[in-house]
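Reading the structure
Chain by chain, the residues:
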Amino acid sequence: MEIETLLDGLNDKQREAVAAPLENLLVLAGAGSGKTRVLVHRIAWLLGVERASPYSILAVTFTNKAAAEMRGRIEALLGSDPGSNHRGLWMGTFHGIAHRLLRAHHLDANLPADFQILDSDDQLRLIKRVIRGQNLDEKQWLPRSVAGFINGKKDDGLRPRDIDPLGDPVAKTYLRLYQIYQETCDRAGLVDFAELLLRAHELWLHKPHILQHYQQRFAHILVDEFQDTNAIQYAWIRLLAGDRNHVMIVGDDDQSIYGWRGAKVENISRFLSDFKGARTIRLEQNYRSTATILSAANLLIANNAERLGKELWTDGAEGEPISVYAAFNELDEARFVVGRLKAWKDEGGTLDECAILYRNNAQSRVLEEALMQERLAYRIYGGLRFFERQEIKDAMAYLRLLGNRGDDASFERVVNTPTRGIGERTVGLIREAARDQGLNLWQAAIALCERKVLAGRAASAVSQFINLINLLERDTDELPLHVQIDRVVRQSGLWGLYEAEKSEKGQSRIENLEELVNAARTFSPDEAMADLPPLTAFVAHAALEAGESQADEFEPAVQLMTLHSAKGLEFPLVFMVGVEEGMFPSQISAEESGRLEEERRLCYVGMTRAMRKLYMTHAESRRLYGKEMYHRPSRFLKELPSECLEEVRLRTQVSWAQPVAEQSRFNPRLTQESFNDTGLRLGQRVRHAKFGEGVVLNYEGSGPQCRVQVNFDEAGSKWLVASYARLEAL
Ligand code: ATP
Ligand code: MG
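These figures come from a predicted structure and were not determined experimentally. (Residues numbered from 1 in each chain as written. Chains lettered and ligands numbered in written order. Predicted model: local features only at pLDDT ≥ 70, side-chain atom pairs only at ≥ 80, totals over all residues. Heavy atoms only, no water.)

A separate point is the domain arrangement of the protein chain. When the parts come together, some accessible area is lost, and that loss is often what is quoted as the size of the interface. With domains assigned, the protein chain is organised as domain 1 (3–99 + 199–285), domain 2 (116–188), domain 3 (322–383 + 550–654), domain 4 (388–529) and domain 5 (685–729). Placing the centre of domain 4 and that of domain 5 at their C-alpha centroids yields a distance of 34 Å. Contacts between domain 4 and domain 5 engage six residues on the former and nine residues on the latter. A combined buried area of about 490 Å² lies between domain 4 and domain 5, and 49% of that area is made up of carbon and sulfur atoms. (Domains from an automatic or database assignment. Contact = heavy atoms within 4.5 Å. Buried area = accessible area lost by both parts, 1.4 Å probe.)

Overall, parallel pairing links the seven strands, which are arranged 11-12-10-13-14-9-17 in an open sheet. Strands at the two margins of the open sheet, each flanked by one partner only, are strand 11 (378–380) and strand 17 (645–647). Going from strand to strand, the sheet's axes swing by 25 degrees on average, the running direction of each strand aside. Relative to strand 14 (residues 610–619), strand 9 (residues 322–327) is paired through five bridges, and the arrangement is parallel. What sits directly across from Val-324, in strand 14, is Met-616. Relative to the sheet, helix 26 (residues 593–607) contacts strand 9, strand 10 (354–358), strand 13 (571–576) and strand 14, its axis offset from that of strand 14 by approximately 130 degrees. (Pairing = 2+ DSSP bridges. Helix = DSSP H or I, 4+ residues; strand = E, 2+ residues; numbered from the N terminus. Axes fitted to C-alpha atoms, helices over the stretch in contact; angles between N-to-C directions.)

Before going further, it helps to examine helix 13 (residues 291–301). Of all 11 residues making up helix 13, eight are buried, and the element is well covered by its neighbours. If you check which residues of helix 13 are buried, you get Ala-291, Thr-292, Ile-293, Leu-294, Ala-296, Ala-297, Leu-300 and Ile-301. The secondary structure elements touched by the buried residues of helix 13 are strand 9, helix 26, strand 14 and helix 27 (635–638). (Buried < 20%, exposed > 50% of the residue type's maximum accessible area, 1.4 Å probe, protein only.)

As a matter of local geometry, ligand 1 sits amid 19 residues, with Lys-35, Thr-36, Gln-255, Glu-570 and Arg-609 nearest to it. Contact between ligand 1 and Lys-35: an oxygen atom at 2.6 Å from a side-chain N or O atom of the residue. For the shell around ligand 1, the leading source of residues is helix 3 (residues 35–48), giving three residues. Taken together, the residues that form the shell around ligand 1 break down as three nonpolar, 10 polar and six charged. (Near = heavy atom within 4 Å. Polar contact = N/O pair within 3.5 Å; in protein donor to acceptor, adjacent residues only side chain to side chain. Nonpolar A, V, L, I, M, F, W, Y, C, P; charged D, E, K, R; others polar.)

Counted by the stated rule, this structure contains 22 aromatic pairs. With a centroid separation of 6.0 Å and 20 degrees between ring planes, the pair formed by Tyr-214 and Phe-218 is classed as stacked. Accessibility assignment for this pair places Tyr-214 and Phe-218 in one class, buried. Members of the aromatic cluster, joined through ring pairs, are Trp-90, Phe-94, Trp-204, Tyr-214, Phe-218 and Trp-236. Looking at Arg-238, its charged tip hangs above the ring of Phe-275, at a distance of 4.7 Å from the centre. In this structure, Lys-567 is placed above the aromatic ring of Phe-62, and the distance from its NZ or CZ to the ring centre is 3.8 Å. (Phe/Tyr/Trp six-rings, centres within 6.5 Å; stacked < 30°, edge-to-face > 60°. Lys NZ or Arg CZ within 6 Å of the ring centre and 35° of its normal.)

Right, let's talk about the pairing of strand 21 (residues 716–721) for a bit. In the sheet, strand 20 (residues 707–712) pairs with strand 21 via six bridges, with the strands oriented antiparallel. Following the sheet pairing, Gln-709 is matched in strand 21 by Trp-719. Once strand 20 ends, the chain turns through three residues before running back antiparallel as strand 21.

Now for the nonpolar core. Ile-221 and Trp-236 are the most contacted members of the largest nonpolar core, which has 58 residues in total. Of the domains in this structure, domain 1 (3–99 + 199–285) and domain 2 (116–188) are the two that each give at least three residues to this core. Non-local contacts of Ile-221, meaning those with residues more than four positions away in its chain, are made with Leu-58, Ile-237, Leu-240, Ala-241, His-246, Val-247 and Met-248. Among the nonpolar cores identified, the runner-up in size contains 53 residues, and Phe-411, Val-415, Trp-442 and Ala-445 belong to it. (Core = buried A, V, L, I, M, F, W, Y, C linked by side-chain atoms within 4.5 Å.)

Encoded structure:
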């Protein structure tokens, strides 16, 4: 292996880190300064120059995707050099590595060979059962909070026996639930995410010979994104490193964004005091972004008080200003983004160079629809697409059953969601009857009730379910689609089910359900479905969206993701949407300085994903979670230097909505400009002879062809040809 090849394409500081003697090393540097690149080159250096065995290297990455990428980069660097086979290398996330260890040493970890991993949904379900088993009220002992308690303790390395409730009855109950939950998991051979890490740590503590084995093996430990390690991960690395092994960590305190999940940015400073002779190397040149994007991001993050302090410069091009677009509403925002994506493509760019970043998952739906309308391939990264999310599938299953009782998959999905006492056994009997008599599940359920085959409690639960569906259909049939869906979601009990969770995840499920109602409100079926009843058309539309639109793996596609999952990635073109007070920073974070700083770091992470061009958009009114909200532009926008920004203004003929904020920068007001000929303006209240009153949301086309979208209070959203609709301005 040629040394030069390994040091090619690195600056002096990076070389210093890559070629450092075997020692403990911290690479502390801002976004895009090549930390991950240094880590990859260091591994290649260890293999190629230090002649380290691949078996002696352990590399920890933040996501599985990052691990795969890293492997590819190392392969590219080392090529086919026969002396540098890197197959034995361990590379993965903390969870992945812990899992691998536990599989290999399941006996020593007190686990059955076939132990199963509990994902967070499974964990919640199990916790619920434990709470009920203790005759406790789920409303008082929220499963979410219990899960939070258990996971938090595990992240801190604490078992029930290590916790002293100090006579506090509430703490005692939490503790008991933790204990029973854990016993249940142990009996069933189940391991939750936090348990993976804790067990792997205990393996070190309780089985010195195993620890010793790995200490002797992993002479070189490397960790990316170190600022987001939690207490147990730190302790695990600390033990594994012992006094002899060498640890290289790379990180950026300004990108610590998982504090809410137990990550401890202090681990960076702790490393320097705990690890013998640890040295710090700072990288200061950014290679990713234009000078404009970089100086704006630097200025933003300077508003945070608690920082280790770093310099970051670039000798790259000045680049274009950051474009800020004040959208009229979220539809306008989505169409703006799509318009720019099309322009990017027309100018020779590809879609996989582009990313759309948002604060909450629920924001993706409107963007997804706009992309689909324009047939732009997209992929949702690190999350499910809107219509594939659990709560949305639950709601859709109810709606499908209303329209078609023979939909067996939907029947199975919701017959006991929320739980109504119809157990697996009963469902089994229904299935059997259906099979034997050639009926669908719905018919079989009715038959079983009529013939009194089911036991008393099960029978009454099943007939209640049947009545519920019949009633829902009868009572909501005549209502506008969005009102109908709202009723179904609430009366079916889905709403209550998720509302009771009272946690981030439960909250996000409720938000998604609200978003579903919202989707129905603005839904207008395309031509092919125009004659169907609205519910049928909506269900078909949702099924198509869920099934087909996600780009296949090899097709170049725009990536949609939350700001959190964008960490470590980079894209030539980035859109940050919903940059508004109350969204980003979120309402809760805005009120607490610690959380506000974390939110600002998240903004820094988002901005520094952009290589060539960054758009930041905010909407003056936004219908999200079923509510109309009026947001001011985010304080983060105001913290950016004005010389790095340009406001986007669209000329009237170009598009559908007018940019606003014409008086002073970021001063929101509703757009007043009328569009061609119609005499209407966006946001205006109107009356229609048949549909009643509503608000003008959107328009397309011009002259006699001009169609306007009106959101009627009762009838929901409709597209109307302006010249026929005889809308009366109010
Ligand atoms: P983040 O903090 O976002 O994880 P990072 O510090 O890990 O960023 P990298 O992803 O390693 O940064 O590098 C950012 C970009 O700069 C990559 O495209 C990388 O290939 C490029 N880069 C890094 N160092 C150099 C260099 N010396 N010369 C040219 N390009 C470089
Ligand atoms: Mg990185």
